[in-house]
Number of protein chains: 2
Amino acid sequence: MENFSQRITSMQASPIRKLAPYADQAKADGKKIYHLNIGQPDIETPKNFMEAIKNFDEKVLAYSSSQGIPELIEAVIRYYKKYDMSFEKDEILITNGGSEALLFTLLAIADYGDEIIIPEPFYTNYAGFNAIAGVKTVPLVTEASSGFHLPEKEKIEKLITNKTKAILITNPGNPTGAVFTEEEVNRLAEIAKENNLFIISDEVYREFVYNNLKFKSFGSIPDIKDQVIIIDSVSKRFSACGARIGAILSKNKQLIAQILKICQGRLCCPTLEQIGATALYDVSEDYFKRVHAEYQKRRDILYGKLQEIPGIICQNPEGAFYVIATLPVEDAEEFVIWLLKDFDLDGETIMFAPAQGFYTTPDAGKNQIRIAYILNENDLKRAMDILKIALEEYPKKK
Amino acid sequence: MENFSQRITSMQASPIRKLAPYADQAKADGKKIYHLNIGQPDIETPKNFMEAIKNFDEKVLAYSSSQGIPELIEAVIRYYKKYDMSFEKDEILITNGGSEALLFTLLAIADYGDEIIIPEPFYTNYAGFNAIAGVKTVPLVTEASSGFHLPEKEKIEKLITNKTKAILITNPGNPTGAVFTEEEVNRLAEIAKENNLFIISDEVYREFVYNNLKFKSFGSIPDIKDQVIIIDSVSKRFSACGARIGAILSKNKQLIAQILKICQGRLCCPTLEQIGATALYDVSEDYFKRVHAEYQKRRDILYGKLQEIPGIICQNPEGAFYVIATLPVEDAEEFVIWLLKDFDLDGETIMFAPAQGFYTTPDAGKNQIRIAYILNENDLKRAMDILKIALEEYPKKK
C-alpha cells in the first residue's frame, strides 16, 4: 500500500545523509574517508558527561518532568546569565535536540498553509520540518559574494504576506558561516515588530564566532522579547551530538505553556542524557577557550588551503564550523558521488555535503559544497590535498 | 504576542499530567501521595541497562544512525522472532519512545483534514498528536459494560469516509485493560483490507496479558502485512520509561523509507539510551515471568478491593496495567482534585487520572477514573483503603 501523506512524499531526503550508502560502499571497498560532510566534531566530549551518568543509581529509570529535569533547567538559566540574558523556569523547555525544539516551535506558531521566511541557503532540515508541518518555506536569498549577509529591509519585507508567521534564522550560520552584525539583528527585530512576526533564532553555534566579532543574540532585545524564540542545543557547544539534548527558550510564557502541551504528549526527554547534559554546563571557561581556538585554527587552515586550489571560490567564514565553497564543476553532487565511487588517493577520499539541498530556489547552489571543518589540523590538510588532486583528475575522468 | 497556531490551541493539556500542580502542592503540604495516575511502574529496571551504558568508552558522543544503532535493531529482530514475527533491518526504525513512533507514523500516512478511527476510550496523547498533525480523531465508542471490546463490523465501517487513513488501536488496551480476541483482530484486519486502510497497532503492553488469554499481534497476519504498522517501546516491557526508546515496525518497506526521512531530519535517537535498550533485550525469560506474575497479582488485589467499595463499577481487566472504574461521584476530576487538596487519611492520599480525557465524545467518562496498578501489593491495598474512606467522606464535604 502506498497511500502515504503528501507531506511525507514532498519531503526531500536529507542531503547531508542521503549519500551515506555511497560512503558505506567506499568503506566496504577499503577506502578511508575524511568526513567533512556532517557537523560531527572530533572534539572530545567533556568527561563530566559520562561521570554524571555513571553516578545515576535509581533502581527504576522513570519518566521525568515533561518540561525537563529541574537541574538542567537551572543550568541553562545560569548559562544564559553569563550572556546577560535572564530566563525564568517557565520560559524554558528541554527537548530531544535542537531538532525537536524546532519542530515543536513550528507546530505551535504555524498552521497548515502558513509561511516561514528563512534566509537561504539554510540548514536543510528546516525545509523538512516545514514540509511535515504543512508550512511553506519562503526563501530569503542571500549571496555568496556578500558572505551570505542579509539584503536590505525592503527586500525582506517584500516576502511578507498575511500568511507569514515567523522569520527563522541560524546565527552563526549553518551552512553559511555568516555571523549577523548587530545592525542586521536589529533590522530583523524591527521587521518582526512592525509586522507582528515571531523570530525563531537558532543560536546553537553561539560560541563559535571568529575575527573577534561580537555575537548579538535575539534574546538581548527587550523590545521584541515576546516574539523571540531561541532554539538551543548542547550538541555543538559541548561536542555531545549523540546526547540529543536541546531547548526552547522564550520570554513569551504563554507560548511556552502552549508548547509544553506537546512536550507532555511525548512525556519526557531521556533522564540519563539530561543528567549528563546538566554536568556539561559545569565545564570551565577554559574549555570554551580551547575549543574556540581549535576551530579558529581549523578555519584558518581550511580557508588558506581552499585559496590555493584553482577554481574554488569561497568567503572566509565568520562563525560556526562550515564554509560554502563554489567548485569548478557543474554538478557538485555528481562530483561527491564520484569522489566516493570512483576516486581515491592512496586509498583515501573525502566527503562533503552537496550544497543544493540547502536551497529551495531551483538550481541554486548546484556547483557548491558545504565543508564542515570538524577534523583536526592534519586530517583537514590531508583532505584539502586530496580535494586539490581530485579536482585535477575529475575533468579527465568524466 | 498570542498568535499561536490553531492546532496547538486546540490541543488539550494531558489529563494524566495536568493535575500535577495539585499533587506538587499536596506534597509541599507534607502529604504522601499514592500515584496510581500514571503508567510509571515501580518494577526495577534490569541492571544490564546501566551496566551497558557504563561500559561506553568512546571519547566523542557522536551522532548515530538515523534509523537506530544496528545492535538495537538486531535485538528487536530477535525479540520478534520469539513471537514468530519476522522483520528485516529495513522494516524497523528506532524512535524517541512510542510517542515519536506514533507521531511520525501519523505524519507519514495522513494529511491535514484526514481522519483516523480510534476505539474510545483511548490513550489520551493520541488525540494530542492528531491535533498537532491536523488529523481528525474519529472515536469508535466501546462500552465499559462489554469490557471495552469492539462493536460489530457494520458499526465500525459506518465511521469510514473517503478521508479515513487508518484505524489506530492499543492492544492490550490503555486505559481499558481490554485484550482483543483473535476474532476481533481478524475483524479489524478484514475492514482494513476491504477499505484500504492502515492499521496502526500500539502493542507496547504485549507481555501483559492475564487469564491465560492468547495475544494476537497484527504483525502475524500475512494477508495485510503491507498495511500494518506496529508501535513498540521498551518503557513498559522493561520498566524503562525514562529511556525513551521506541520503534516503528512495518513490512511495508516503502513506508519505512518514507518515515526514515523524518528520522533523518531529527538526526538520531540518543546513543547511550540505545546501547542500554539493546542490553535490555538480553534479560532472561524468567524476568518476563516474574514481572507478569507480579502484575497479575496486583490486578487481582486491585479488582478484589474495588469490588468491596460500595458504588464502584468496573470490569476485571485482561491486560496492560490499567482499569477504568466508574465512581459514585458526578465529576471524577473534581473528586481527584479534592483528594489532593482537601483530603488525607493520616497524612496520606491517592491520585488517579480522571477518565474524561480519554474520550472525545462529550461528557463521556465524566464519572470514571483510570487506575494504574503499578505499585506493590501493600501500597495498592493501602491506596484502595484510602479510596474507600475518601468516597465515604466526599459527599459530606461537598
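Residues numbered from 1 in each chain as written. Chains lettered and ligands numbered in written order. Predicted model: local features only at pLDDT ≥ 70, side-chain atom pairs only at ≥ 80, totals over all residues.

## Considerations on the sheet that holds strand E13 (residues 368–372) of chain A
All names here are of chain A. Reading across from one edge, E9-E10-E13-E12 is the order of the 4 strands in this open sheet, with antiparallel pairing throughout. Lying at the two open borders of the sheet, with one neighbouring strand each, are strand E9 (313–314) and strand E12 (353–354). In terms of strand pairing, strand E10 (residues 322–326) meets E13 through 5 bridges, oriented antiparallel. The partner of Thr 326 across the bridge, within E13, is Gln 368. (Pairing = 2+ DSSP bridges. Helix = DSSP H or I, 4+ residues; strand = E, 2+ residues; numbered from the N terminus.)

## A closer look at the sheet that holds strand E12 (residues 368–372) of chain B
In sheet architecture, strand pairing relies on hydrogen bonds along the backbone and comes in two forms, parallel and antiparallel. Residue and element names in this part refer to chain B. Taking strand neighbours across the sheet as the criterion, the 3 strands line up as E9-E12-E11 in an open arrangement whose pairing is antiparallel. Strands at the two margins of the open sheet, each flanked by one partner only, are strand E9 (322–326) and strand E11 (353–354). Across 2 bridges, the pairing between E11 and E12 is antiparallel. Across the sheet, Pro 354 pairs through a bridge with Ile 369, a residue of E12.

## A look at the nonpolar core
With 249 residues, the main nonpolar core has Ile 199, Ile 259 and Ile 371 of chain A together with Ile 199, Ile 259 and Ile 371 of chain B as its most contacted residues. Excluding residues that lie within four positions of it along the chain, Ile 199 of chain A makes contacts with Ala 166, Ile 167, Leu 188, Ala 189, Ala 192, Phe 218, Ile 224, Gln 227 and Val 228 of chain A. (Core = buried A, V, L, I, M, F, W, Y, C linked by C-beta atoms within 7 Å. Buried ≥ 20, exposed ≤ 12 C-beta atoms within 10 Å, placed from the backbone. Contact = placed C-beta atoms within 7 Å.)

## A look at the relation of the copies chain A and chain B
In the superposition of chain A on chain B (RMSD 0.0 Å, axial shift 0.0 Å), the rotation amounts to 180 degrees. What the rotation and shift describe, once combined, is the action of a two-fold rotation axis. Of every C-alpha in chain A, the one belonging to Lys 54 of chain A sits nearest the axis of rotation, 2.9 Å from it. Here 100% of the contact residues of chain A are again contact residues in chain B; the copies associate through an equivalent surface. (Least-squares fit on C-alpha atoms with pLDDT ≥ 70 in both.)

## Thoughts on the interface of chain A and chain B
Of the residues lining the interface, 68 residues belong to chain A; the matching set on chain B comes to 69 residues. For the side of chain A that touches chain B, the elements supplying multiple residues, two or more each, are helix H1 (6–9), helix H3 (48–54), helix H5 (97–109), helix H6 (125–133), helix H9 (253–265) and helix H10 (271–280) of chain A. Here the element with the most residues in the side of chain A that touches chain B is H9 of chain A; it accounts for 7 residues.

## Comments concerning the domain arrangement of chain A
Residues and elements named next belong to chain A. For chain A, the domain assignment lists domain 1 (7–44 + 286–397) and domain 2 (48–280). Each of domain 1 and domain 2 was reduced to a C-alpha centroid, and the two centroids are 26 Å apart. Across the contact, 36 residues belong to domain 1 and 33 residues belong to domain 2. For the side of domain 1 that touches domain 2, the secondary-structure elements that each account for two or more residues are H1, helix H11 (285–307) and E10. In terms of residues, the side of domain 1 that touches domain 2 owes the most to one element, H11, which gives 5 residues. (Domains from an automatic or database assignment.)

## Examining the pairing of strand E4 (residues 136–141) of chain B
All names here are of chain B. As defined by bridge partners, strand E3 (residues 115–120) adjoins E4 across 6 bridges and the pair is classed as parallel. Looking at the pairing, Pro 119 lines up with Leu 140 of E4. What joins E3 to E4 is helix H6 (residues 125–133), and the crossover it makes is right-handed. (Right-handed = clockwise from strand over helix to strand, strands pointing away.)

## A word on the pairing of strand E2 (residues 92–96) of chain A
Residue and element names in this part refer to chain A. For E2, the tally of buried residues reaches 5 of 5 residues, placing the bulk of the element in the interior. Looking at chain direction, E2 and strand E8 (residues 245–249) are connected through 5 bridges and run antiparallel. Each residue of the ladder has a partner; that of Asn 96, found in E8, is Ile 245.

## Section: the packing of H5 of chain A against H9 of chain A
All names here are of chain A. Interaxial distance between H5 and H9 falls to 10 Å at its minimum, and their mutual angle equals 115 degrees. The orientation of H5 relative to H9 falls into the category roughly perpendicular. Like other packed secondary-structure pairs, H5 and H9 cross with a definite hand, here right-handed. Between H5 and H9, the residues in contact are Phe 104, Thr 105, Leu 107 and Ala 108 and Leu 255, Gln 258, Ile 259 and Ile 262, respectively. (Axes fitted to C-alpha atoms, helices over the stretch in contact; angles between N-to-C directions. Parallel < 35°, antiparallel > 145°, perpendicular 65-115°, else oblique. Left-handed = near helix turned anticlockwise from the far one by under 90°.)

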